[in-house]
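Secondary and tertiary structure notes
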Amino acid sequence: MSNKTKPSEEQLKYASVLQTISLGGLALLVFGFFVYLSGLLPTLVPVNEIPEYWGMRVHDFVEKTGMPTGWDWVPLLNHGDIVSFLGIILLAAGTLVCFAVILPDFIRKKDTPFAIIVIVQILILLLAASGFITGGH
Amino acid sequence: MSRTLRRFLFLLAVVAITTGFYSIAFGEEQVVEAARNGSTIVWWMWPAILFVFTFFLGILAVVAGVGGGVLFVPIVSSFFPFNLDFVRGAGLLVALTGALSAGPGLLKRGLADLRLALPMALIASTCSIFGAMVGLALPTNVVQTALGGTIIMIVIIMATAKRSDFPDVKEADTLSSVLRITGIYYEESAGKQINWQIHRTPLGLSLFIVIGFMAGMFGLGAGWANVPVLNLLLGAPLKISVATSVFLLSITDTAAAWVYINKGAVLPLIAVPSVAGMMLGTRIGVRILARAKPKAVKWIVVTILFLAGFRALLKGLGIWG
């Protein structure tokens, strides 16, 4: 790859961080699911009872099962169904971490438009992840 | 190292899912319970079937050159007993993990372009959040009907949209010049470096409002819309458009996925077998691709997608539910 076609420093950095987090997320997803199905940890809702609820709308499901929403799952990490959730959280958080990693590069290069884009993007993702905005009833 | 690790993960996924289901499927008790409930299928069979089903869907998606997410939601919501809320949550995760797996490699090879993706991603991800909120607030039959209509529209786009390997962009527009959205990549088939730039950036950005909203609302990947906009409208070369579209998905779907996660609409029992099946199928699909006839497969997929869209439409309207 010649210098002209070589991706920018921040692009390569983004790719490396994303790769690490994606692999970690997938590993955690598989591990958590195994813990969930194997019954190694107690569950908030027994796995064989989930089919009674999976045909319901999500707000009915939450109301009937008492499953946590937003970040309320954090204190319940000793439950199998919550552990199976961790990989999903890591996968969803990966992009946010990547943006945080490349932001200093844009600032250092005085690339103001992209520094602003990245800052706004981080804020948008933080807002989405915060749980303050949800849809539904 | 990463390839070996990925292979190990896939193997682990298969083992975890099969042993997991075995451990909960003690056999007789479950069958008796199913019979008592008047059901002919034991409950744990659904996630197991979903795993096998998404495995084949992953193969089809690669061979036909279609995103897995766009196939997943209409088909699974039509033929599986899961509520559309959970199917959309799983669909987003399927599209997201696919994009996260492919994204780093495409960025490192310079095919996906960070500067091209970021402005589009900002608009699309913001709107995908609103799409997800609206999708979770509307009655299921309304979303199902809109999904059916959207899928039929996607089928028409897939069947008719042309693609241009190297669109002729005579002059970059002001906005893309200010943002320095331009690049050079090595085109192996031509054996030379290709310089590219884009035009009509404001119009392209405004289309990502709609694309992002729909991605969030229906839990679909948005490659079907990203690629025509990047390639035909903005004038990015086809390879750059396809690769940047995949990377874009990883940002757009992340934003929407958080809304579904926080709302409780991502059920691991549905999402994990789907992700594992799809990723495994995609791997196999890449190997089959060399021997397959992509055009024939593409038409099969387009037909399946049309039928699934039509079924979703009828289900939403209460005609065939």
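Residues numbered from 1 in each chain as written. Chains lettered and ligands numbered in written order. Predicted model: local features only at pLDDT ≥ 70, side-chain atom pairs only at ≥ 80, totals over all residues. Heavy atoms only, no water.

Let us now look at the overall build of chain A. Summing up its helical and strand segments, chain A has four helices and zero strands in all. Mapped in sequence order, the helices and strands of chain A form the string α-α-α-α. For a compact globule of 137 residues, the expected C-alpha radius of gyration is about 14 Å, and chain A comes in at 19 Å, more than 25% above that figure. Within chain A, the fraction of its 137 residues that count as buried is 52%. (Helix = DSSP H or I, 4+ residues; strand = E, 2+ residues; numbered from the N terminus. Rg over C-alpha atoms; globule rule 2.2 N^0.38 Å. Buried < 20%, exposed > 50% of the residue type's maximum accessible area, 1.4 Å probe, protein only.)

What follows concerns the confidence of the model for chain A. Looking at chain A as a whole, its pLDDT mean stands at 92, while 95% of the residues score no less than 70. Least confident of the elements in chain A is helix α1 (residues 9-38) of chain A, whose mean pLDDT is 93; most confident is helix α4 (residues 112-130) of chain A, at 96. (pLDDT = per-residue confidence, 0-100.)

Counting 149 residues, the largest nonpolar core has Tyr14 and Phe99 of chain A together with Leu71, Phe72, Leu116, Leu118 and Leu269 of chain B as the members making the most contacts within it. When neighbours within four sequence positions are excluded, Leu71 of chain B is seen to be in contact with Leu57, Ala61, Val66, Val301 and Leu305 of chain B. (Core = buried A, V, L, I, M, F, W, Y, C linked by side-chain atoms within 4.5 Å. Contact = heavy atoms within 4.5 Å.)

So, on to the packing of helix α9 (residues 201-218) of chain B against helix α10 (residues 223-233) of chain B. Residues and elements named next belong to chain B. At a closest axis distance of 10 Å, the pairing of α9 and α10 adopts a crossing angle of 175°. Taken together, α9 and α10 sit at an angle that is classed as roughly antiparallel. Facing Leu203, Gly204, Leu207, Phe208, Ile211 and Met214 of α9, the residues of α10 in contact are Trp224, Ala225, Asn226, Val229, Leu230 and Leu233. For the contact of α9 with α10, the class distribution of residues is 10 nonpolar, two polar and no charged. (Axes fitted to C-alpha atoms, helices over the stretch in contact; angles between N-to-C directions. Parallel < 35°, antiparallel > 145°, perpendicular 65-115°, else oblique. Nonpolar A, V, L, I, M, F, W, Y, C, P; charged D, E, K, R; others polar.)

The next subject is a nonpolar patch on the surface. Residues and elements named next belong to chain A. A cluster of nonpolar residues, Phe34, Leu40 and Leu41, forms a patch on the protein surface that exposes about 260 Å² of accessible area. Counting through the fold element by element, Phe34 comes out in helix α1. Using a relative accessible area of 34% as the deciding quantity, one classes Phe34 as partly exposed. (Patch = residues over 30% accessible without salt bridge, like charges linked within 9 Å, V, L, I, M, F, W, Y side chains within 5 Å. Areas by Shrake-Rupley, 256 points an atom, 1.4 Å probe, with all protein chains shown as cover. Salt bridge = Lys/Arg side-chain N within 4 Å of Asp/Glu carboxyl O.)

Positive phi, normally seen in glycine, also occurs at Lys110 of chain A, with a value near 55°. Structurally, Lys110 of chain A is set in the loop between α3 (80-108) and α4.

For the rest of this paragraph, the subject is α3 of chain A. All names here are of chain A. The terminal C-alpha atoms of α3, which comprises 29 residues, lie 44 Å apart, in line with the 42 Å expected from a rise of 1.5 Å per residue. If you look at α3, its biggest bend is around 35°, right at Ala93. Judged by how many residues are buried, α3 sits mostly within the fold: 21 of 29 residues are covered. One or two steps after α3, the chain reaches Lys110, where phi turns positive at roughly 55°. (Expected span 1.5 Å × (residues − 1). Bend = angle between axes of the 7 residues up to and from the residue.)

What follows covers the interface of chain B and chain A. Much of the literature gives interface size as the accessible area that the parts lose upon coming together. On the chain A side, the residues contacting the 77 residues of chain B number 69 residues. Approximately 6,400 Å² of surface area, both sides summed, lies buried where chain B meets chain A, with 72% of it carried by carbon and sulfur atoms. Counting the surface chain B buries against chain A, the share from its top three residues, Trp258, Asn262 and Lys263 of chain B, is 12%. Applying the counting rule to chain B against chain A returns three salt bridges. Note that Arg57 of chain A and Asp85 of chain B form a salt bridge whose closest N and O atoms lie 2.9 Å from each other. At the surface where chain B touches chain A, the tally comes to 22 residue pairs in polar contact (both at pLDDT 80 or more). Within the residue set of the side of chain B that touches chain A, elements represented by two or more residues are α1 (2-24), α3 (45-64), α5 (84-108), α6 (114-137), β1 (182-187), α11 (238-263) and α12 (268-289) of chain B. Class assignment of the residues belonging to the side of chain B that touches chain A gives a composition of 51 nonpolar, 17 polar and nine charged. (Buried area = accessible area lost by both parts, 1.4 Å probe. Polar contact = N/O pair within 3.5 Å; in protein donor to acceptor, adjacent residues only side chain to side chain.)

In this structure the tally under the stated criterion is 10 salt bridges over all chains. Note that Asp111 of chain A and Arg115 of chain B form a salt bridge whose closest N and O atoms lie 2.7 Å from each other. Taken together, the residues Asp111 of chain A in the loop between α3 and α4 and Arg115 of chain B in helix α6 connect one chain to another. The same class applies to Asp111 of chain A and to Arg115 of chain B, which are both buried. A salt bridge links Lys170 of chain B to Asp168 of chain B; the shortest N-O distance between them is 2.7 Å. For Lys170 of chain B, a relative accessible area of 70% gives the class exposed. Among the ionic contacts, a cluster of salt bridges with common partners joins Glu9, Lys13, Asp105 and Arg108 of chain A.

Residues and elements named next belong to chain B. By the alternation rule, side chains of β1 split into Gly183, Tyr185 and Glu187, which are all buried, and Thr182, Ile184 and Tyr186, of which none is buried. Pairing between β1 and strand β2 (residues 192-197): six bridges, direction antiparallel. Paired with Tyr186 across the two strands is Gln193, which belongs to β2. Adjacent in sequence and paired antiparallel, β1 and β2 are bridged by four residues, among which Gly191 carries a positive phi angle near 65°. (Pairing = 2+ DSSP bridges.)

All right, on to the packing of aromatic side chains then. Within this structure, the stated rule accounts for 15 aromatic pairs over all chains. Each ring, one from Tyr14 of chain A and one from Phe99 of chain A, has its centre 5.5 Å from the other, and the planes form 80°; the classification is edge-to-face. Here the residue Tyr14 of chain A occupies a position in helix α1, and Phe99 of chain A occupies one in helix α3, the gap between them amounting to 85 residues. On the accessibility criterion, Tyr14 of chain A (0% relative accessible area) is buried. The exposure class of Phe99 of chain A is buried, given its relative accessible area of 1%. The interplanar angle of 75° and the centroid separation of 5.2 Å between the aromatic rings of Phe55 of chain B and Phe56 of chain B together place this pair among those described as edge-to-face. Ring pairs connect the aromatic residues Trp54 of chain A together with Trp46, Phe53, Phe80 and Phe82 of chain B, which therefore count as one cluster. (Phe/Tyr/Trp six-rings, centres within 6.5 Å; stacked < 30°, edge-to-face > 60°.)

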